[in-house]
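Topology and contacts: notes
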Amino acid sequence: LGEIGRLDHSFDLQKQNMEYKCNLLPEFGVIVSSVLFSASKPQLQTKRHLPELATTKYCLSFVVSRDYLKAFGYLGGSVNDRLQKLGSLLHFLLSNVADHGKVVCMFGPSIERFLGHFEVWVPACIHAPIRIPIHETLFGCQLSDMDRDFLAKAITAFLQTHGYAIIKGDRLDVVQLWTKTLSLVLNEKERVLTLIPTQIGTTYIPDLRLQALSSSTATSDHDLLYSQKPVSIINLTTQTVKTSLPFNVFSVLRADFFDHPVLDLDKVQVDYCKDDILKQKTHRVIAPCISAMLESCMGCHCSLREGYLQNWKRCWRAKAAAVVRYHSMYTSGHTAFSSTDTAQVVVPEKHVLTEAAVPPDAMDNEKSVTTDRRTSAASPRRSVFPVFQSKMWHDLDIENEEDQKIVLSFAEQLQPGIYQIIMTSTLQNILHGLEAF
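In this report, we go over the structure that sits alongside the text. The residue numbering used here restarts from 1 in each chain and proceeds along that chain's sequence as written. Under the rules for a predicted model, residues below a pLDDT of 70 receive no local features and side-chain atom pairs below 80 are neither given nor counted, while totals for whole chains, interfaces and linings still include all residues. The side-chain quantities take in all heavy atoms of the structure and omit both hydrogens and water.

Between its terminal C-alpha atoms helix α7 (residues 288-299) stretches 17 Å, which fits the 16 Å expected from twelve residues at 1.5 Å a residue. For α7, every residue scored as buried is listed here: Cys289, Ile290, Met293, Leu294, Cys297 and Met298. Projected down its long axis, α7 carries its buried residues within an arc of 145°, all on one side. The outward face of α7, more than 90 degrees from its buried face, is lined by the exposed residues Glu295 and Gly299. Working definition: helices are DSSP H or I runs of at least four residues, strands are E runs of at least two. Numbering for both runs from the N terminus. Between the first and last residue of a helix there are one fewer steps than residues, each counted as 1.5 Å, and that sum is the expected span. For every residue, the accessible area obtained with a 1.4 Å probe (protein chains only) is divided by the maximum for its type, and the residue is called buried under 20%, exposed over 50%, and partly exposed between those limits. When we speak of the arc, we mean the arc of directions from the helix axis to the C-beta atoms.

See below:
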């Protein structure tokens, strides 16, 4: 069983790991995204035979017309992520529920949720704003000090959450103004999943970069965790900005969230935990680079502000590319990060992992992770990781942690996974991030 009947004999039935494939089939005029997995279920035990494991291979495929090829190029990551989550859920149901009719009933709502999101993603790609005139944004207005501070906090949170935000308000014209303003901070490719509102929405759609919701619309952690990146919530009515945990901790919590579905056989339904997981808090910090950018940009003539903003974006994305290059040099064992330089660099205490620094419950729950990371910390390459970080930030002249988070958010788009590597070099950093909230 495979995409449109194409059998993949290399797939190992004895492993329950997921395998994702995406094929363009011109002879059928479709794009097929598939996740393959195997599920084992104990057979009924008889008096003469011991129970055996019946392993079956399954393929969950999402088929769309090739007319959506351009949009699918931008949505491939979101579709891949969602299919893997659906595949994990289906694997869980097939492994725990004997009645396939109940499996279909339980799995149906998750499919409907995904299709509902996809129907919004496609027009957001097709009708994405390519160019936004600066006079239609807050950058083209004269702002008071209070309005400028709120805008600075909103942009800081927006960029630190990788360019994903919910704008809550009740006036359509004001919400449109803010949506266009934050869109201007993104480049053209990133604006693809930006939805310029024509009306105030009432339902949150994950993986949209910008969307407008009514100020009375509740956004639970259960909804926000469907997004691949943390999301900032900008409430124009209350003039507040809320953010959740940073990306390195968010990704851990999100993985744990989808790994533990809750099964209710009596109600014939399956769902995920709906506790307060993300611990959202009010964002009050302004990154120095954002404050300096707004001060310089607003000091220019209106006709020059758009050019200044474009150069500012190029500059900080170039720094993000430099971060990726620095990490490449570090992993290749470049002499610039040799252990002989450790005496010249002051290493922050948060980079040092000791057994006493980790709570006992975390030691039990993350035993394997802790063991692996202690082992890697003892290696010569691991011992110079703080040197690599300190030298990199010093050379790039980015000493403030808020500015570092913005640069790493840009770098994550260039090299997925680099945010976690640099911001979470040890298990203690994860625990430190959780305690901070």
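It is worth spelling out the packing of helix α3 (residues 145-160) against α7 at this point. Helix axes are fitted only over the stretch in contact, all axes being lines through C-alpha atoms; the angle between N-to-C directions runs from 0 to 180 degrees. Between α3 and α7, the least distance of the axes is 9 Å, while the angle of their chain directions is 130°. It follows from the interaxial angle that α3 and α7 lie oblique. In this structure, α3 meets α7 at a crossing whose hand is right-handed. Residue-level contacts link Arg148, Leu151, Ala152, Ile155, Thr156 and Leu159 of α3 to Ile290, Met293, Leu294, Glu295 and Met298 of α7. Here is the rule for angles: anything less than 35 degrees is roughly parallel, anything more than 145 is roughly antiparallel, 65 through 115 is roughly perpendicular, and the remaining ranges are oblique. Each crossing gets its handedness from the near helix: less than a right angle anticlockwise from the far helix is left-handed, clockwise is right-handed. Contact criterion: two residues are considered in contact whenever any of their non-hydrogen atoms come within 4.5 Å of each other.

For this analysis, a nonpolar core means a set of buried residues of the types Ala, Val, Leu, Ile, Met, Phe, Trp, Tyr and Cys, connected via side-chain atoms within 4.5 Å. Within the largest apolar cluster, 106 residues are counted, with the highest numbers of intra-cluster contacts made by Phe139, Ile290 and Val323. In terms of residue count, helix α1 (residues 69-96) provides more of this core than any other element does, ten residues in total. Apart from the residues within four sequence positions on either side, Ile290 is in contact with Ala152, Ile155, Thr156, Leu159, Trp312 and Ile406.

Attention now goes to the packing of α1 against helix α2 (residues 100-126). Describing two packed helices takes the angle between their axes plus the distance from one axis to the other. For the pair α1 and α2, the least separation of the axes is 11 Å and the interaxial angle reads 170°. Considering their axes alone, α1 and α2 lie roughly antiparallel with respect to each other. When α1 is examined against α2, the residues Ala71, Tyr74, Leu75, Ser78, Val79, Arg82, Leu86, Leu89, Leu90, Leu93 and Leu94 are found in contact with a partner set consisting of His100, Val103, Met106, Phe107, Ser110, Ile111, Phe114, His117, Phe118, Trp121, Val122 and Cys125. By residue class, the composition of the contact of α1 with α2 is 18 nonpolar, four polar and one charged. Any residue that is not Ala, Val, Leu, Ile, Met, Phe, Trp, Tyr, Cys, Pro, Asp, Glu, Lys or Arg is counted as polar, Gly included; the first ten are nonpolar and the last four charged.

Attention shifts here to the pattern of salt bridges. Side chains bearing opposite charge may pair, as long as their charged atoms lie close to each other. Within this document, salt bridges are pairs made up of a side-chain nitrogen of Lys or Arg and a carboxyl oxygen of Asp or Glu, the two lying within 4 Å of each other. This structure, assessed with the given rule, holds nine salt bridges. With a closest N to O distance of 3.8 Å, Glu19 and Lys21 form a salt bridge. On the accessibility criterion, Glu19 (24% relative accessible area) is partly exposed. Between Arg131 and Glu306 there is a salt bridge, and its shortest N-O distance comes to 3.3 Å. Taken together, the residues Arg131 in the loop between α2 and α3 and Glu306 in helix α8 (residues 302-331) connect sequence positions 175 residues apart. Arg131 sits in the exposed class, given a relative accessible area of 57%.

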